[in-house]
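One letter stands for each residue in the lines below.
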Amino acid sequence: MSGTHPTRRTVLATGGAVALSAGCTKYGDEGAEPEPPPAASSSAAAPSSSSDGGKSQKPPAAEELAKTTDIPVGGGKIFKDKKVVVTQPEEGDFKGFSAVCTHSGCTVGEVADGTINCPCHGSKYRVADASVADGPAPRPLPPQKITVTGKSITLG
(Lines give C-alpha, C1' and ligand atoms only; values in the text may rest on other atoms or scores of the structure.)
Protein backbone atom coordinates (compact mmCIF):
# COMPACT_ATOMS: atom_id res chain seq x y z
CA MET A 1 0.00 0.00 0.00
CA SER A 2 1.28 3.41 -0.79
CA GLY A 3 0.48 6.72 0.86
CA THR A 4 -0.74 7.43 4.32
CA HIS A 5 -4.19 6.79 5.62
CA PRO A 6 -5.94 9.21 7.93
CA THR A 7 -6.01 8.16 11.55
CA ARG A 8 -9.24 7.33 13.27
CA ARG A 9 -8.86 10.50 15.32
CA THR A 10 -8.58 12.62 12.16
CA VAL A 11 -11.64 11.00 10.60
CA LEU A 12 -13.68 11.50 13.75
CA ALA A 13 -12.51 15.08 14.18
CA THR A 14 -13.33 16.10 10.60
CA GLY A 15 -16.01 13.79 9.28
CA GLY A 16 -17.54 12.62 12.52
CA ALA A 17 -19.26 15.92 13.18
CA VAL A 18 -20.82 15.86 9.72
CA ALA A 19 -22.03 12.29 10.20
CA LEU A 20 -23.44 13.09 13.63
CA SER A 21 -25.30 16.17 12.43
CA ALA A 22 -26.71 14.25 9.46
CA GLY A 23 -28.18 11.68 11.82
CA CYS A 24 -29.95 14.31 13.88
CA THR A 25 -32.79 15.07 11.51
CA LYS A 26 -36.28 13.72 11.83
CA TYR A 27 -37.64 11.44 9.14
CA GLY A 28 -39.32 13.62 6.56
CA ASP A 29 -37.44 16.76 7.65
CA GLU A 30 -34.39 16.23 5.44
CA GLY A 31 -34.80 19.60 3.71
CA ALA A 32 -35.90 21.56 6.75
CA GLU A 33 -33.67 23.71 8.85
CA PRO A 34 -32.50 21.93 12.02
CA GLU A 35 -34.23 22.99 15.21
CA PRO A 36 -32.05 25.12 17.48
CA PRO A 37 -31.09 23.51 20.79
CA PRO A 38 -33.14 24.63 23.80
CA ALA A 39 -31.78 27.69 25.56
CA ALA A 40 -29.90 27.09 28.79
CA SER A 41 -32.35 29.23 30.72
CA SER A 42 -35.84 28.87 29.36
CA SER A 43 -38.82 30.77 30.63
CA ALA A 44 -40.26 27.53 32.02
CA ALA A 45 -37.30 27.26 34.37
CA ALA A 46 -37.36 30.93 35.30
CA PRO A 47 -38.66 31.77 38.75
CA SER A 48 -42.13 33.20 39.10
CA SER A 49 -42.53 36.93 38.92
CA SER A 50 -44.77 37.05 41.99
CA SER A 51 -43.81 39.34 44.83
CA ASP A 52 -42.81 36.44 47.09
CA GLY A 53 -40.24 35.05 44.63
CA GLY A 54 -42.44 32.19 43.43
CA LYS A 55 -42.91 30.64 46.86
CA SER A 56 -46.70 30.91 46.75
CA GLN A 57 -47.01 28.30 44.02
CA LYS A 58 -47.90 24.97 45.59
CA PRO A 59 -47.01 21.71 43.93
CA PRO A 60 -49.99 19.79 42.59
CA ALA A 61 -51.74 17.69 45.21
CA ALA A 62 -50.65 14.08 45.20
CA GLU A 63 -53.23 11.53 44.14
CA GLU A 64 -54.62 9.53 47.03
CA LEU A 65 -53.81 5.83 46.90
CA ALA A 66 -56.03 4.78 49.78
CA LYS A 67 -57.48 5.66 53.13
CA THR A 68 -55.60 4.33 56.13
CA THR A 69 -58.67 2.23 56.96
CA ASP A 70 -58.27 0.42 53.59
CA ILE A 71 -54.97 -1.16 54.70
CA PRO A 72 -55.44 -4.02 57.19
CA VAL A 73 -53.18 -4.27 60.24
CA GLY A 74 -50.68 -7.09 59.63
CA GLY A 75 -51.48 -7.01 55.90
CA GLY A 76 -51.53 -4.70 52.96
CA LYS A 77 -53.01 -3.73 49.64
CA ILE A 78 -51.52 -3.89 46.14
CA PHE A 79 -52.01 -1.01 43.70
CA LYS A 80 -51.16 -2.73 40.41
CA ASP A 81 -51.64 0.38 38.25
CA LYS A 82 -49.05 2.26 40.36
CA LYS A 83 -46.85 -0.83 40.88
CA VAL A 84 -46.79 -0.25 44.63
CA VAL A 85 -47.90 -2.21 47.67
CA VAL A 86 -48.77 -0.50 50.95
CA THR A 87 -48.59 -2.48 54.18
CA GLN A 88 -49.47 -1.83 57.81
CA PRO A 89 -47.32 -4.23 59.86
CA GLU A 90 -48.51 -2.68 63.13
CA GLU A 91 -51.38 -0.32 63.77
CA GLY A 92 -50.54 3.15 62.47
CA ASP A 93 -47.25 2.05 60.84
CA PHE A 94 -47.62 2.25 57.04
CA LYS A 95 -44.93 1.17 54.58
CA GLY A 96 -44.66 1.40 50.81
CA PHE A 97 -42.78 -1.02 48.56
CA SER A 98 -42.45 -1.74 44.87
CA ALA A 99 -45.00 -4.32 43.73
CA VAL A 100 -42.53 -5.73 41.19
CA CYS A 101 -41.01 -9.06 42.25
CA THR A 102 -37.20 -8.99 42.35
CA HIS A 103 -37.04 -12.51 40.90
CA SER A 104 -38.48 -12.13 37.41
CA GLY A 105 -40.36 -8.83 37.36
CA CYS A 106 -43.91 -10.11 37.89
CA THR A 107 -46.33 -7.93 39.83
CA VAL A 108 -47.05 -9.39 43.25
CA GLY A 109 -50.53 -10.82 43.51
CA GLU A 110 -51.71 -10.82 47.12
CA VAL A 111 -50.92 -9.87 50.69
CA ALA A 112 -51.85 -12.66 53.10
CA ASP A 113 -50.67 -14.18 56.37
CA GLY A 114 -48.03 -11.47 56.91
CA THR A 115 -46.40 -11.78 53.50
CA ILE A 116 -46.56 -10.13 50.09
CA ASN A 117 -46.85 -13.00 47.61
CA CYS A 118 -45.81 -13.30 43.98
CA PRO A 119 -47.93 -15.66 41.86
CA CYS A 120 -45.24 -16.37 39.25
CA HIS A 121 -42.71 -18.48 41.18
CA GLY A 122 -43.88 -18.35 44.80
CA SER A 123 -41.62 -15.66 46.23
CA LYS A 124 -42.85 -14.18 49.52
CA TYR A 125 -41.84 -10.94 51.21
CA ARG A 126 -42.48 -9.87 54.82
CA VAL A 127 -45.03 -7.03 55.20
CA ALA A 128 -42.85 -5.31 57.84
CA ASP A 129 -39.80 -4.65 55.68
CA ALA A 130 -40.32 -6.48 52.33
CA SER A 131 -37.40 -8.80 53.10
CA VAL A 132 -37.49 -12.19 51.42
CA ALA A 133 -39.43 -14.72 53.49
CA ASP A 134 -39.35 -17.44 50.82
CA GLY A 135 -37.45 -17.49 47.49
CA PRO A 136 -36.54 -17.65 44.69
CA ALA A 137 -36.48 -13.82 44.98
CA PRO A 138 -32.83 -12.72 45.39
CA ARG A 139 -33.47 -9.49 47.34
CA PRO A 140 -36.20 -7.50 49.14
CA LEU A 141 -38.78 -5.38 47.37
CA PRO A 142 -37.42 -1.84 47.04
CA PRO A 143 -39.08 0.78 49.26
CA GLN A 144 -41.49 3.29 47.73
CA LYS A 145 -42.07 6.64 49.40
CA ILE A 146 -45.58 7.08 50.68
CA THR A 147 -47.02 9.90 52.75
CA VAL A 148 -49.73 9.53 55.37
CA THR A 149 -51.65 12.73 56.05
CA GLY A 150 -54.55 12.29 58.42
CA LYS A 151 -56.41 9.29 57.01
CA SER A 152 -55.07 9.67 53.47
CA ILE A 153 -52.16 7.73 51.95
CA THR A 154 -50.46 9.19 48.88
CA LEU A 155 -47.53 8.08 46.76
CA GLY A 156 -44.46 10.25 47.16
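This report concerns the structure included in the present document. Being a predicted model, the structure only gives us computed values, none of them experimental.

Describing the side chain of Thr-115
- Here Thr-115 shows up in strand 6 (residues 115–117).
- Beyond its immediate sequence surroundings of up to four residues, Thr-115 is in contact with Glu-110, Lys-124, Tyr-125, Val-127 and Ala-133.

What to know about unusual backbone geometry
- At Asp-113, a residue that is not glycine, the phi angle is positive and equals roughly 55°.
- On the accessibility criterion, Asp-113 (82% relative accessible area) is exposed.
- For Ala-130, which is not a glycine, the phi torsion comes out positive at approximately 65°.
- Its location among the elements puts Ala-130 in the loop between strand 7 (124–126) and strand 8 (132–134).

Some points on the environment of Gly-114
- With respect to the element layout, Gly-114 can be found in the loop between strand 5 (110–112) and strand 6.
- Residues Gly-114 and Thr-87 lie 27 residues apart in sequence; the distance between their C-alpha atoms is 9.4 Å.
- Sequence-distant contacts of Gly-114, defined by excluding residues within four places in its chain, comprise Gly-74, Tyr-125, Arg-126 and Val-127.

Let's talk about the nonpolar core
- Judged by nonpolar contacts, the single largest core of 14 residues is most densely connected at Val-85, Phe-97, Val-108, Ile-116, Tyr-125 and Leu-141.
- Setting aside its immediate chain neighbours within four residues, Leu-141 contacts Val-85, Phe-97, Ser-98, Val-100, Cys-101, Thr-102, Ile-116, Tyr-125 and Ala-130.
- Of all hydrophobic cores here, the second largest spans 9 residues; its members include Phe-79, Val-84, Ile-146 and Ile-153.

Description of the pairing of strand 4 (residues 93–98)
- Where strand 3 (residues 84–90) meets strand 4, 5 bridges bridge the pair, whose relative direction is antiparallel. By the bridge assignment, Glu-90 is partnered in strand 4 with Asp-93.
- The antiparallel pairing of strand 3 with strand 4 creates a hairpin that spans 2 residues between the two strands, and Gly-92 there sits at a positive phi of about 85°.

Points about the sheet that holds strand 8
- Strand order in the open sheet formed by 4 strands is 5-6-7-8, and the pairing between neighbours is antiparallel. With one partner strand each, in any of the chains shown, strand 5 and strand 8 form the two edges of the open sheet. Each neighbouring strand pair of the sheet contributes to a mean axis angle of 35°, computed without reference to strand direction.

What about the side chain of Asn-117?
- Counting through the fold element by element, Asn-117 comes out in strand 6.
- On the basis of relative accessible area, Asn-117 is assigned to the buried category, the value being 9%.
- There is a polar contact of 2.6 Å between the side chain of Asn-117 and the side chain of Thr-115.
- Beyond its immediate stretch of four places on either side in the chain, Asn-117 contacts Val-108, Gly-109, Glu-110, Ala-112, Ser-123 and Lys-124.

Parameters and conventions
Residues numbered from 1 in each chain as written. Predicted model: local features only at pLDDT ≥ 70, side-chain atom pairs only at ≥ 80, totals over all residues. Heavy atoms only, no water. Helix = DSSP H or I, 4+ residues; strand = E, 2+ residues; numbered from the N terminus. Contact = heavy atoms within 4.5 Å. Buried < 20%, exposed > 50% of the residue type's maximum accessible area, 1.4 Å probe, protein only. Core = buried A, V, L, I, M, F, W, Y, C linked by side-chain atoms within 4.5 Å. Pairing = 2+ DSSP bridges. Axes fitted to C-alpha atoms, helices over the stretch in contact; angles between N-to-C directions. Polar contact = N/O pair within 3.5 Å; in protein donor to acceptor, adjacent residues only side chain to side chain.

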